[in-house]
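Coordinates in review
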Amino acid sequence: MPEFTEAELTDLLIKKLGYDPADAHGMVQDLLAMQTDIQDSFMDWWRHGIIPSKPEYEGYNPATLATEYRLQPIASFLTLDWLATEPDVAKQALSQGYDEILPG
C-alpha cells in the first residue's frame, strides 16, 4: 500500500476507525501483505467510503463479504485475501460461520 507507511496505517486504524492499538498493529501487517488487487480495492474504499465489488475470489468480493457475513470493511478485505491465499480453509470457515472472521 504505497500511499501509507506502516506507522500511518496503524495510526489511521486507531484514530479514525477506533481499533485497539494492539489489534491495529497485527491488522496492519495483514493489510500490507494482502494481494495487490485487494490492496487497491482497500484504497478505493478508504478514499471513497464505498466497499467495492472487485476483486472477486472464490465467488466473493469485499462488498458481498460485508453484506452476507456482516463483516466490518477491514475484515472483508482480510477475509477476501484469505480466500485468495487459502481458499479451501477460508471457504470452510465461512460455511461454518466461525467467529474468528469477525472483527474484535
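Residues numbered from 1 in each chain as written. Predicted model: local features only at pLDDT ≥ 70, side-chain atom pairs only at ≥ 80, totals over all residues. Heavy atoms only, no water.

Another aspect to go through is the overall build of the chain. Check the secondary structure of the chain and you find six helices and zero strands. In terms of C-alpha radius of gyration, the chain reaches 13 Å, essentially the compact-globule figure of 13 Å for 104 residues. Along the three orthogonal principal directions, the C-alpha set of the chain runs to about 35 × 25 × 20 Å. Within the chain, buried positions represent 38% of all 104 residues. Here the analysis covers contacts within the chain between residues at least 6 apart in sequence; of these, 45% occur between residues at least 24 apart. Element-wise, carbon and sulfur atoms account for 49% of the exposed surface of the chain, whose accessible area totals about 5,900 Å². Distance from the positive charge centre (6 side chains) to the negative charge centre (18 side chains) of the chain: 8 Å. (Helix = DSSP H or I, 4+ residues; strand = E, 2+ residues; numbered from the N terminus. Rg over C-alpha atoms; globule rule 2.2 N^0.38 Å. Buried < 20%, exposed > 50% of the residue type's maximum accessible area, 1.4 Å probe, protein only. Contact = heavy atoms within 4.5 Å. Areas by Shrake-Rupley, 256 points an atom, 1.4 Å probe, with all protein chains shown as cover. Lys, Arg positive; Asp, Glu negative; His and termini not counted. Charge placed at Lys NZ, Arg CZ, Asp CG, Glu CD.)

Here the focus is the packing of helix 1 (residues 6-15) against helix 2 (residues 21-32). Where helix 1 meets helix 2, the axes come as close as 9 Å, and the angle between the chain directions of the two elements is 130°. For the element pair helix 1 / helix 2, the angle class is oblique. Between helix 1 and helix 2 lies a crossing of right-handed hand. Where helix 1 approaches helix 2, its residues Glu6, Leu9, Thr10, Leu13 and Ile14 are matched on the opposing element by Pro21, Ala24, His25, Met27, Val28, Gln29, Leu31 and Leu32. When the residues that make up the contact of helix 1 with helix 2 are grouped by side-chain class, the tally is nine nonpolar, three polar and one charged. (Axes fitted to C-alpha atoms, helices over the stretch in contact; angles between N-to-C directions. Parallel < 35°, antiparallel > 145°, perpendicular 65-115°, else oblique. Left-handed = near helix turned anticlockwise from the far one by under 90°. Nonpolar A, V, L, I, M, F, W, Y, C, P; charged D, E, K, R; others polar.)

A complete count under the given rule lists three salt bridges for this structure. In this structure, the salt-bridge partner of Arg47 is Asp44, at a minimum N-O distance of 3.1 Å. Remark: Asp44 and Arg47 occur in helix 3 (residues 36-48); sequence separation between them is three residues, near one turn of the helix. Close ionic contact of Glu58 with Lys91 constitutes a salt bridge, the shortest N to O distance being 2.9 Å. A residue pair is termed long-range when its members are at least 10 positions apart, and Glu58 in the loop between helix 3 and helix 4 (62-68) and Lys91 in helix 6 (residues 87-96) qualify at 33 residues. (Salt bridge = Lys/Arg side-chain N within 4 Å of Asp/Glu carboxyl O.)

Once that is clear, we can look at the nonpolar core. Formed by 25 residues in total, the largest nonpolar core has its most connected members in Leu13, Leu31, Met34, Phe42, Leu65, Ile74 and Leu83. Those elements giving two or more residues to this core turn out to be helix 1, helix 2, helix 3, helix 5 (73-85) and helix 6. By residue number, the principal contributor to this core is helix 5, which donates six residues. (Core = buried A, V, L, I, M, F, W, Y, C linked by side-chain atoms within 4.5 Å.)

For the rest of this paragraph, the subject is the side chain of Ser76. Locating Ser76 in the fold gives a position in helix 5. Excluding residues within four positions of it along the chain, Ser76 makes contact with Pro62, Leu65, Ala66 and Leu71.

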